[in-house]
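Below, each chain spelled out in residue letters.
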Amino acid sequence: MDDNDTSIIANRDEAIPILRIPSRDDDAPPTPSSSSEAEQKVRKKDKFKDGMGRLKDTLDTQYSGPGVQQRLGDKLFANMLSFVVPRDATLADDDDHSTAKKDRRSRKYVERPNFSLPQMTTNFRRFNARIGIIFVLQNRLIHLFTWRQPTATLSFLAIWSLLSLNPHLVPIIPLIGLLFYVMIPSFIARHPVSANDPRIEPSFRGPAVAPPSRVKPAPDFSKDFMRNMRDLQNCMEDFSTVHDAANEYLTPYTNFSDKRISSAVFVAVFGVACTAFVGSRVVPWRFIMLAAGWVMTLSGHPNAQNILLSSRNLKQVRAVINDAQGLLKSWIDADIILDEPPEIRQVEIFELQKYHIYSDTWESWLFSATPYDPLSPLRIAGARAKGTQFFEDVQPPNGWAWKDKKWTLDLASREWVEQRMITGVEIETEGERWVYDLPDEVVDVMGSSPTKRGKKGKVGKPPLIVPKSGWEEGNGFGERGAWRRRRWVRIVERKGPGGGAIVKPDS
């Protein structure tokens, strides 16, 4: 019944073939062991077909009705998908979407349901029942380009020649397809010709005598449904094969695993793109498309396939490819020079010291990645400076290595203070280049802090002279704050992926 139902579109011809792209390691011919493995696969496939046939016969005899068959189909597909997808599988960003604020208005425009195994089962069953038209088109294209019907292939070449020489006719193709493949067959379906009585002449006048045709999905577990599953399985295999072949043959030239080869490819593609941008209008694209279509179609002829895929020609093609790769490699080694020095950067560390009133001395405190200035977020929040107590514990960033043997004191203390717009400090322009904190009263006035003001907004102490720039040059005899710092620098060079902290804290 399935084979005679014309309202269901399915590939009732042979199965969609599977692509076989040889790998780099597939140079040796097949061995007897491989042929025996193929025979075992065929036997297993036959056993699976027999088992599925017996299961279908059992279901057809014990259960009837579309509702029961649909529920059984959903359960069967759910069990099949449960072997592939774990039951507790969820998307990685489900938690993020659940916690994030949702815009309820978006449901008017788009719906984004999360993963659900029952919904996946239903969608797969509906998709497989309706995908037959794609496989029919694919199978007809295979027949066309493999010269199953030479008259059809020659007609295609004639049409291709007409479109190549007259590209303004391309928009007519979908209109002709709509007329001859959709509307005319639908009209004929409403005015069928009587095949039982040859005395009646065919006529398409008068009212319609048949209901309008409509494409129906293949019923669950019917022959057309199983054919669609067969072709879908083969198409998934073809996609995976093409993906793996592209990853094996094309990716090494474009992912900069070998910087010389990838750089040469980049330069070549960039040059071709610039040339095409300037001179593409003078290229005879019509004749190129005409020749390409004829060459591709003629190469699919069985006689041409026997010649092109013979072992002798394949060896010659492989030898030519190896010679071309050798010439390309020699040109790359001669012209592509990538002996550039490694990337270098300058890292910094700040030596912090704290003043002790009782001993009237400065004590080494930390080596920190930040200057810990009076108006820094850490000081305002009352947090301690972060860093390490010993110079030897300062590590280079991840992926970098020390180039200089020692740290160098930055003598340009004014520059790094102005660069960071630090205020409330006193700068030593000579000597050890310390940058001192100004007294707390001065810092409070700079930061407009209300802690030192009275009820009427007046400062409780006599007015202080505050430098307009936020810092001043020190003479070594003025009143200072409790902290001082100076900047050390060192050169690093890249050895791997960058990133990471400059200072390794103690705890």
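To keep things clear, this report deals only with the structure shown in the data block.

Calculation rules
Residues numbered from 1 in each chain as written. Predicted model: local features only at pLDDT ≥ 70, side-chain atom pairs only at ≥ 80, totals over all residues. Heavy atoms only, no water. Helix = DSSP H or I, 4+ residues; strand = E, 2+ residues; numbered from the N terminus. Contact = heavy atoms within 4.5 Å. Areas by Shrake-Rupley, 256 points an atom, 1.4 Å probe, with all protein chains shown as cover. Buried < 20%, exposed > 50% of the residue type's maximum accessible area, 1.4 Å probe, protein only. Pairing = 2+ DSSP bridges. Polar contact = N/O pair within 3.5 Å; in protein donor to acceptor, adjacent residues only side chain to side chain.

## Focus: the overall build of the protein chain
- Across its full length, the protein chain carries 16 helices and nine strands.
- Once local pairs closer than 6 in sequence are excluded, the contacts in the protein chain between residues at least 24 apart make up 70%.
- Carbon and sulfur atoms make up 61% of the accessible area of the protein chain, which totals about 37100 Å².

## Looking at unusual backbone geometry
- Unusually for a residue other than glycine, Trp 147 sits at a positive phi of about 60°.
- Take Trp 147: its relative accessible area is 12%, and that puts it in the buried class.

## Concerning the pairing of strand β2 (residues 361–368)
- As judged from the seven bridges shared by strand β1 (residues 344–356) and β2, these two strands associate in the antiparallel manner. Note that in β2 the partner of Gln 353 across the bridge is Ser 364.
- Here β2 pairs with strand β3 (residues 387–388) via two bridges, running antiparallel. Looking at the pairing, Phe 367 lines up with Thr 388 of β3.

## Quick word on the side chain of Ser 376
- Within the secondary structure, Ser 376 is located in the loop between β2 and α14 (377–381).
- By relative accessible area, Ser 376 is classed as buried at 9%.
- In terms of polar contacts, Ser 376 uses its side chain to reach the backbone carbonyl oxygen of Asp 373, at 2.8 Å.

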